[in-house]
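Single-letter residue listing:
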Amino acid sequence: MILKIDGNLKPYYAQTLCMIFFPGVKFPEGEMPGAGVPEARFTVREDETGADASATLILDEKNETRASRCDIGDGIDAVRARQIAAGCAFYEAASALIGIRPPWGVLTGVRPAKIASEMFRCGYSSDAAAAWISEHYLTDPVKAHLAASVAEAEHRLITPDLVRKCSVYIAIPFCPTRCAYCSFVSYTSKKLLSLIPDYLIALRENIRTVFNTVRRRGLTVSTVYIGGGTPTVLTEDQLRFLLETVAGETDVSALSEFTLEAGRPDTITEEKLRIAKEFGVTRISVNPQTLNDAILASVGRQHTAAQFFAAYDAARAVGIRHINVDLIAGLPGESTESFVSTVDRITALRPDNITVHTFTVKKSAEIRQENESVYDREGLTAGASVAYSQKAVTEAGYLPYYMYRQKNTVGNLENVGYALPGAEGLYNIYMMEEVHSIFAAGASAVTKFVSPPFEDGSCRIDRIFESKYPYEYLKDYEGEAGATRAARFDAAAESFYKTYF
Ligand code: SF4
């Protein structure tokens, strides 16, 4: 796509606007106009009260131009004024030319609830914040209300004491097979899965480092989340070894939440669930993504809907306190009717949490290499599926409590976590809203040190990255290397906490 900007508008932001209508589009330097190459032109002019913008979209010898103005005011500074003016001008031009109105309008950030929170700080009620978002960002009123509802839940669940606590994340980047849409770091081949025993030894050292540092800083651990990958790919003995390691470092009975992302139903056994319960796990995810067996097979998930129900029933029978079920709307080949049936059957089960993701085309996923035209159909299907899930799940008594958006999500849609009242997945909120530090262990894990909020509501975040791939990670913890890393990690935490706390 060709981009031309006249005035004060960051190219990255203009690209983000273009991707609302052209998900996944690239902006190669020196691209020449031609059939199928869209071109966007922006002009932005500012004065002390706000910004005026015009935008033109040219596509296949047709073009549309629109203009828009945004004044500085409640929730709007000069930067936001030019972004909104340029965004609304482009949105109207592109809608007129292409004939669709993406439901989030020009609200492009990862966390749409953040804008609603900002409006709460300006004294707006939930309804007023939703109306303000709709008016300024051209957001569909249903989505604007969703953002305001999530912000309300966050305000209820994020208490001021949390900043002086922390959470711990532990990564198990191994899976039984690779889902076609996955671009996480996750090892699936037999040879790579054979690294697990060594990986668990290195991870134990890393977990001890993390908890030592947490103790030295005098922090209380609020939640622990074991994610992946698929942590239940571990054998029963391996899972016991991992959970024993965690229980040896912290009083798991004092945690607000201890999650094991079981994920793939084909890896769950009753014995693994009993071990999880024995070591204090309070929340697990059992994720069918869809209950359509043909779609499951086509995306490389080697389990059936029946295996999901068996795993779910076993988790209930063992008595794990909270069960989350993940679904994906808009999987390639899945009709709205099929997804509607999945939603209905899942809500009838009454899991504590239902998380509805929207299918995202990721760069390294096989599905993208095989099917570049996946954008053509799924926006509409996913839009209807997501809309149905929001209505059906909330009518069944669930409340939305966390939400995020990703680039290249079909239909430019969102991922939403719903919970029965009192059963919210706390780690998800703390991590998404950067409420407090997340100390992380394992390959590809990222520790985030989070400061208390400054006056403007922002905070300082420093990150420490573990090696991305398990075989690199193992080298990091070989011999003396582990002790050196531990010392560096602790020094970084000490410096951050001395500066900001
Ligand atoms: S279960 Fe998750 S991490 Fe594992 S391959 Fe599938 S999408 Fe990737």
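No experiment lies behind these values; they were computed from the predicted model shown.

Trainee: What should I look at first to understand the packing of helix H3 (residues 113-121) against helix H4 (residues 126-137) in this one?
Mentor: Helix-helix packing: each pair is described by the crossing angle between the helix axes and the interaxial distance. Running from N to C, H3 and H4 point in directions that differ by 120°, and their axes come no closer than 9 Å. With respect to H4, the axis of H3 lies oblique. Note that H3 runs across H4; the crossing there is right-handed. Of the residues in H4, those touching H3 at Ile115, Ala116, Met119 and Phe120 are Ser126, Ala129, Trp132, Ile133 and Tyr137. Residues belonging to the contact of H3 with H4 are distributed by class as follows: eight nonpolar, one polar and no charged.

Trainee: Looking at this structure, how should I read the site of the ligand?
Mentor: Taken together, the neighbourhood of the ligand is formed by Cys175, Thr177, Arg178, Cys179, Tyr181, Cys182, Phe184, Gly229, Thr230, Arg264 and Arg301. For the shell around the ligand, the residue count by class is five nonpolar, three polar and three charged.

Trainee: Sorry, what's going on with the domain arrangement of the chain here?
Mentor: In many reports, interface size means the accessible area that the parts give up when they come together. We note that the domain assignment places domain 1 (1-101), domain 2 (102-148) and domain 3 (160-441) within the chain. One C-alpha centre belongs to domain 1, the other to domain 3; they are set 36 Å apart. The interface is formed by six residues belonging to domain 1 together with five residues belonging to domain 3. Counting each side, the surface lost to burial between domain 1 and domain 3 is near 500 Å², with a carbon and sulfur contribution of 58%.

Trainee: Honestly, the nonpolar core in this entry has me stumped. Any pointers?
Mentor: Nonpolar side chains in soluble globular proteins generally cluster together in the buried interior. Of all hydrophobic cores here, the largest spans 146 residues; its most connected members are Phe90, Leu203 and Phe439. Top element by residues in this core is helix H2 (residues 78-98). It accounts for 10 residues. Among the nonpolar cores identified, the runner-up in size contains 12 residues, and Ala153, Leu157, Leu162 and Ala419 belong to it.

Trainee: I'm lost on the pairing of strand E6 (residues 220-228) in this one. Help?
Mentor: Along any regular strand, the residues point their side chains to alternate faces of the sheet. The buried fraction of E6 amounts to seven of the nine residues, a majority that puts the element mostly inside the structure. Relative to E6, strand E5 (residues 165-172) runs parallel, the two being bridged by eight bridges. Its bridge partner being in E6, Ala171 is matched across the sheet by Gly227. Looking at chain direction, E6 and strand E7 (residues 257-263) are connected through four bridges and run parallel. Residue pairing across strands places Thr223 opposite Glu257, the latter belonging to E7.

Trainee: Got a minute to help me understand helix H9 (residues 270-278) in this structure?
Mentor: Residues separated by three or four positions in an α-helix point in the same direction, a consequence of the helix having 3.6 residues per turn. Within the sequence span of H9, burial applies to Lys272, Leu273, Ile275 and Ala276. Looking straight down H9, one finds its buried side chains confined to an arc of 160°; they lie on one side. Considering only its buried residues, H9 is in contact with helix H8 (236-249), E7, strand E8 (283-286) and helix H11 (305-318). Remark: Gly280 follows H9 within two positions and exhibits a positive phi of approximately 90°.

Trainee: Any chance you could explain H8 here in plain terms?
Mentor: Between its first and last C-alpha, H8 extends 20 Å over 14 residues, near the 20 Å set by a 1.5 Å rise per residue. Of all the positions in H8, only Gln238, Leu239, Leu242, Leu243, Thr245, Val246 and Glu249 are classed as buried. Along the axis of H8, the buried residues cluster in a sector spanning 145°; they form a single face. Within H8, the exposed residues directed more than 90 degrees away from the buried face are Asp237 and Gly248. Turning to H8, the residues buried within the fold contact E5, helix H7 (196-216), E6, E7 and H9.

Cut-off values and rules
Once a new chain begins, its residue numbering starts again from 1 and follows that chain's sequence as written. The predicted origin of the model limits local features to residues at a pLDDT of at least 70 and limits the giving and counting of side-chain atom pairs to 80 or more, whereas totals for whole chains, interfaces and linings rest on all residues. Each side-chain value is derived from all of the structure's non-hydrogen atoms; neither hydrogens nor water enter the calculation. Axes, fitted as lines to C-alpha atoms, cover a helix only where it is in contact. Angles between the N-to-C directions of the axes lie from 0 to 180 degrees. Under the DSSP-based scheme used, a helix requires at least four consecutive residues in state H or I and a strand at least two consecutive residues in state E, with every element numbered from the N terminus. Note on angle classes: values under 35 degrees are labelled roughly parallel, values over 145 roughly antiparallel, values of 65 to 115 roughly perpendicular, and the remainder oblique. Crossing handedness is defined as follows: a turn of the near helix away from the far one that is anticlockwise and smaller than a right angle gives a left-handed crossing, while the clockwise case is right-handed. Contact criterion: two residues are considered in contact whenever any of their non-hydrogen atoms come within 4.5 Å of each other. Only Asp, Glu, Lys and Arg are considered charged in this grouping, and only Ala, Val, Leu, Ile, Met, Phe, Trp, Tyr, Cys and Pro are considered nonpolar; every other residue, Gly among them, is considered polar. One heavy atom suffices: a residue is near a molecule or strand as soon as one of its heavy atoms comes within 4 Å of it. Residue ranges assigned to the domains are those given by an automatic or database domain assignment. The term buried area denotes the loss of accessible surface (1.4 Å probe radius) that occurs when two parts are joined, taken as the sum for both partners. Each nonpolar core is a collection of buried residues, namely Ala, Val, Leu, Ile, Met, Phe, Trp, Tyr and Cys, held together in the definition by side-chain atoms within 4.5 Å. Each residue is placed in one exposure class: buried if its accessible area under a 1.4 Å probe, protein chains only, is under 20% of its type's maximum, exposed if it is over 50%, and partly exposed if it falls in between. Only strands that DSSP links by at least two bridges are regarded as paired with each other. Of all possible arcs, the one meant is that of the directions from the helix axis to the C-beta atoms. Helix span, as expected, comes to 1.5 Å for every residue beyond the first.

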